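Spelled out, the chains give:
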Amino acid sequence: MRNIHLYAIPTSQSLNSHPNRSSPSTISTPIHRPVLERASSSVSTTASTVPQITTGLPLWTRSDEYFPSSSAVSLPVSPESSVDVHDITIPSRGFQSDNNGYSAMPPVPTTELVEEESSARKKVCVAAALSSSSKTTNPSGPTIVSSPLPLPLESASDPIHTRRAVATSSSSFLRSGSKFMGTQQSGRSTYEVHVELKHVDMAESFICGYLHIQGLTEDHPTLTTYFEGQMIGPKYSFITRRRDWGASEKTDIAHWARFPSWRPLAKQAKRPDYCHVNFEQRDHIFMRWKECFLVPDHRVRDINGASFAGFYYICFNQLTGSISGLYFHQSSEKYQQLELSHVSDHGNYYSYEFR
Amino acid sequence: MIAEDDLLPYLRSDDRHGQLGALRSLKNSVIGHSDQKASYLDRGVLDDLLAIIGTPQDGVKDPISDECRIQAGVVLGSFAYSDPEISSRLFTPATLSTLVKVLTQYSPPALLIASLRTLTALLTLRLTPSLVQQFPDLAKSLSELISHYSTACFANYARQDVQVLTNLCTLVPLISPSHSSAQSVSSELTGPLFDLVYGSLKSSQTSGMVFDSKLKSTAILALAHVLTPTAAREIAAAGPKFTNPLLALLRAPDTATRLSAASLLTALYTSGKPEITSTSGVTRAPQITTLALTLVPTLMKLLDDTIAAPDHGRKCDPRILHTLAILCREGGDVTDRCVEAGLIKKIVSIIVQVAPNNHFAPGRIFESDGKLLSSSLLCLSALGLYNEDYRKAIIEAGALSVVVAVMNTANTPATREVKIAACHVLRTLSRSVRLLRTTMVESGVVCGIVDLLGDASAEEERPLLESVDNVGSEPEQMDDEPVHTTVTEVAAEEDEEEEDLEVRTAAMAAVCNLVLDFSPLRKPILDKGILPLVVSGARSRYTPLRLNSTWALKHMVFGDDMETKACVMSHLGFPLIIKLCDDKEIQVQEQALDFLRNLTARSETYIDMLFDNVGVDEVFRLVDCKLSLRPVPPIDESEQELLSTQPYYTKVIIAAAYIIVHIAAGYDRHRETVIAHEAVLRKIVQLMRHENYEVRLACVWTLINLTWVEEPNRAPDDVASAGQIHTVSPAGGQSSEQVQQEQSVSSFAELYFADIYRRRAMTLVRLGAREQLEYLKQDPVLDVREKTKTAIYQMDSLVGRSPLSAEDEQDIEAGLSRGVEDAGDAMQIDSELHA
């Protein structure tokens, strides 16, 4: 968050007129993740990664919608080219029939009820009610899967809600409830800043929390915003690739380069295909923090004299718990610095796990 | 031919030929004629039919008698397959027991087929999870019948055998419609069903025989239904020999076969994943992921075909969505693919078709719609489990208003399941701090969710279902089975009660997330008076509800909000929480210990309250026994299941260790209690080699806190105690000596504490903590290494030397003997002070 009277050039009119800028309605613009971006890409991306089976069986009857690509990829499911059905270990009682004793025979008709009387009567067609298979259809053509029986859905396998994924953290400093305090240096002014992490999900490279800033405007001694962070790693690249955030590759590099710990990475990280793997095991975790809305009342869009339209480039030191940040917004003073250190907690860690 | 009016006496006579003729006439007059059926039922024909079907078999083959039983069975079947008003009149304990008896003793195949169909119709009408409890032999009988007819079928492939088998397989999910009942029949039925499925897959491959596709799909569905995770893992271990023919079925011409194959493969796939994972660990075998990814297009195609035509969403088979839900709850690529294929919007379009404008009036939701709605919502819930963007997409698609509308709908059997599913959507969405702070605030979920929790308890005395009441008015039952009336009614009540408990359990799961400290809904929910409901849930005998309630309590004392902590403690006494710490279910123990961990975090007040109410020694006894908790190897369960509970035991150890960390982070006298309990400290030192890094970390934190040197001005409580020491000593008290006196107080306190700190450190060294720390310097986890450095620094500065030489060891030993005496003295002083 920054003080727009002191450091921001635009007026409220220019804020609204600029296409890439935060009009009040774009303040809470959702963070658009690459995962969703993939959703809008062409279907062939999906199809090319769906493997097909090469088991010596007839080829997959493909539906154009899901399998437009004809390139067959071998499936690691089966190392064999054909299925040997004779020496399988059956995990329960043995199969009792003679393997070769079956004879081919016609399919059994499925309508065979009790109805013996005139067709004028209303048929109570049990077989039809029980069977949806009697309507054999071509899988590529439209079919109606009807459900004549409200069959039980709950089975002997785990109930659907039993899965628990416990978020673990790579650093004691990087966990829910962790608090940091320090300053934001904007020009000649220094503001006291407190940050409180609310949820950390390393698996999703996600972090969120509250950012409190003091003395930014006269009307509000303390302003609190809710922010969300992307951790740079396999999921998020050093390059922001968010038009609505106003950052270009050039500004990305210029900001990252101000962190000493980024310099060893600089050469590779500038490559567009660079993937920052094992990010959680390194001394420094790089992030982008974007303030989303005000706390407690998220509906308040405008604060006279303050704006959180930009975002922070963050370098988090996992060894010391210190945080360095640089605020970026196209039209505000460059390189406003955030410096925070961890507030000692003596291992007072709350336990929580989303149900 | 006999005149219709005269049928009943013939039915009741001993003349088998007359009886047979009467049955045939009866059959012809009732089939397709609801009015006739109603009239015959009014005249008590049900009893006659049941008596004939249940004719005792004396071992002598009697073709006429068999034919009579068959005909009676067929007539009963025609009653069962008619309007619900008529078929529900058949739903009596006597009918159920007669039909089950047909399965448990020798019966001709035609009678079997008729009876299986009747049972199917009745159980479809009303799912009865308690059936397998009422008839303990039922699963075994089904199992034997499936084995017997499978063998016959593979030998001859007679049409009748196929029919019997198909009907047997259809019945399997219906006799076990709940998770617990399905588990209870699993051991009996998995074997024969696997043999049947495997045989049918094999026969298609080896001989090119066209195995009846309906039998194949019902058998596969039945197997998927009874498959426990353990059994699924065993089958999955058999590898591609079983899964490849199943994969081939994903291309079968008929939709039922494709769906059944997909659901069995899903069961096999998901069994590979442990119930609890830590996000830094376990990765799935690529083979299983690939398998799962091949299922997505199949299921999405089935779904698309269904919803392509206008208003066909209602005809969608709920199992498609249910299977997708099970796949998607694993997260990762599978979920991404489904979302990319537009699953969220498709589901919402189905919901809109079933209930336009969120209109969920009870009369409108039929049983089948209910299944479809609940599986739709469950699928949405699964999609949003892990990914913030997907949760947002679910909100944007308008799901939250659906959830609120469902929660506010009147209770009917059909809506109950939908409500459970709606609670799961709410639970998923409330995993997002952002949504909790924004959309949820205005959604009106608070009233809905609290009502669901309150509702159920008020409904405990609800009357039985209508049809059971009807039955009760006709006191007709088979003479040899009088006991079943009450058993069935009690069982029906139990079924109802369990369903209500499931609603409360699901609602409580959502509450867990809604009461976290960053949720603006925490206060409104507490203000609604939820605490008594949560506490009563924590007392419930129903384990899932007890678990979720304890979980919710834990989240209520999460954070620094002392007001809420006080409010929770005013409703919840320590005895209950201590009792939950020793709960039979390990996950409940985990939550209860985490509750204590949260309660004592950053709060000396609550450490004291815990000590005062439970007793210091009792607290340490509790922690002591939890620190050494190990899963007891079960005698008859496989190693896999043992492994699957292991993570919960580790979580219990972590929780217990952090209670010690938090006590040690309190005042100095709190640290003194930890030092005084060497048994616990010994465990802590041992656990520094635990395989889980969080356990190791907690142990290191304990050492850091115990070697912490408090600055006097930062611990008012402790300075006060030092001051008291001085007042005990004979002091002058003249005002001219005031300054000097204060100085002496401060220097005395310094000496007093310096001695205590040093003795603490030496105790820890004696117990082997210093060596363990040396070992942890090489810990693979960065965080543990960093904290180890701090602990070593603090400990060494107190003990005075680093690293320890052999001579130092001797010094310490010598010092310790003194130290122990000193400690005794100090403790005495301390206890006097705090008396």
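Here we summarise the structure given alongside this text. (Residues numbered from 1 in each chain as written. Chains lettered and ligands numbered in written order. Predicted model: local features only at pLDDT ≥ 70, side-chain atom pairs only at ≥ 80, totals over all residues. Heavy atoms only, no water.)

### Digging into helix α20 (residues 343-354) of chain B
Residues and elements named next belong to chain B.
Step number 1: Relative to the 16 Å expected for 12 residues at 1.5 Å per residue, α20 spans 17 Å between its end C-alpha atoms, a close match to the ideal helical length.
Step number 2: In terms of burial, α20 is a largely internal element, 9 of the 12 residues being buried.
Step number 3: Every buried residue of α20 is listed here: Leu343, Ile344, Lys346, Ile347, Val348, Ile350, Ile351, Gln353 and Val354. (Helix = DSSP H or I, 4+ residues; strand = E, 2+ residues; numbered from the N terminus. Expected span 1.5 Å × (residues − 1). Buried < 20%, exposed > 50% of the residue type's maximum accessible area, 1.4 Å probe, protein only.)

### Observations concerning the packing of aromatic side chains
Step number 1: A full pass over the atoms with the stated rule returns 28 aromatic pairs over all chains.
Step number 2: Taken together, a centroid distance of 4.8 Å and an interplanar angle of 40° make the contact between Tyr352(A) and Phe558(B) tilted. Placement of Tyr352(A) in the segment after β11 (336-342) and of Phe558(B) in the loop between α31 (543-556) and α32 (562-571) is noted, with the two residues assigned to different chains. Summarising the burial analysis for this pair, Tyr352(A) and Phe558(B) share the class buried.
Step number 3: With a centroid separation of 6.4 Å and an interplanar angle of 85°, the aromatic rings of Phe518(B) and Phe558(B) are classed as edge-to-face. Pair noted here: Phe518(B) is in the loop between α28 (484-514) and α29 (522-527) and Phe558(B) is in the loop between α31 and α32, with a separation of 40 residues, a long-range link.
Step number 4: Using a relative accessible area of 4% as the deciding quantity, one classes Phe558(B) as buried.
Step number 5: An aromatic cluster is present here, built from Phe238(A), Trp245(A), Trp256(A), Phe259(A), Trp262(A), Tyr274(A), Phe286(A), Phe311(A), Tyr313(A) and Phe328(A) joined pairwise through their rings. (Phe/Tyr/Trp six-rings, centres within 6.5 Å; stacked < 30°, edge-to-face > 60°.)

### Concerning the pattern of salt bridges
Step number 1: Tallied over the full model, the rule gives 46 salt bridges over all chains.
Step number 2: One salt bridge in this structure joins Asp594(B) and Arg597(B), with 3.5 Å as the shortest N-O distance. Highlighted residues: Asp594(B) and Arg597(B), both in helix α34 (residues 586-600), separated by 3 residues, approximately one helical turn. Each member of the pair Asp594(B) and Arg597(B) is classed as buried.
Step number 3: Of the charged contacts in the structure, one is a salt bridge between Lys683(B) and Asp624(B), with a shortest N-O distance of 2.3 Å. Of the two residues, Lys683(B) is situated in helix α39 (residues 678-687) and Asp624(B) in helix α36 (residues 616-627); the sequence distance between them amounts to 59 residues. Both residues of the pair, Lys683(B) and Asp624(B), belong to the buried class.
Step number 4: One connected set of salt bridges, linked through shared partners, spans Arg164(A), Glu353(A), Glu590(B) and Lys651(B). (Salt bridge = Lys/Arg side-chain N within 4 Å of Asp/Glu carboxyl O.)

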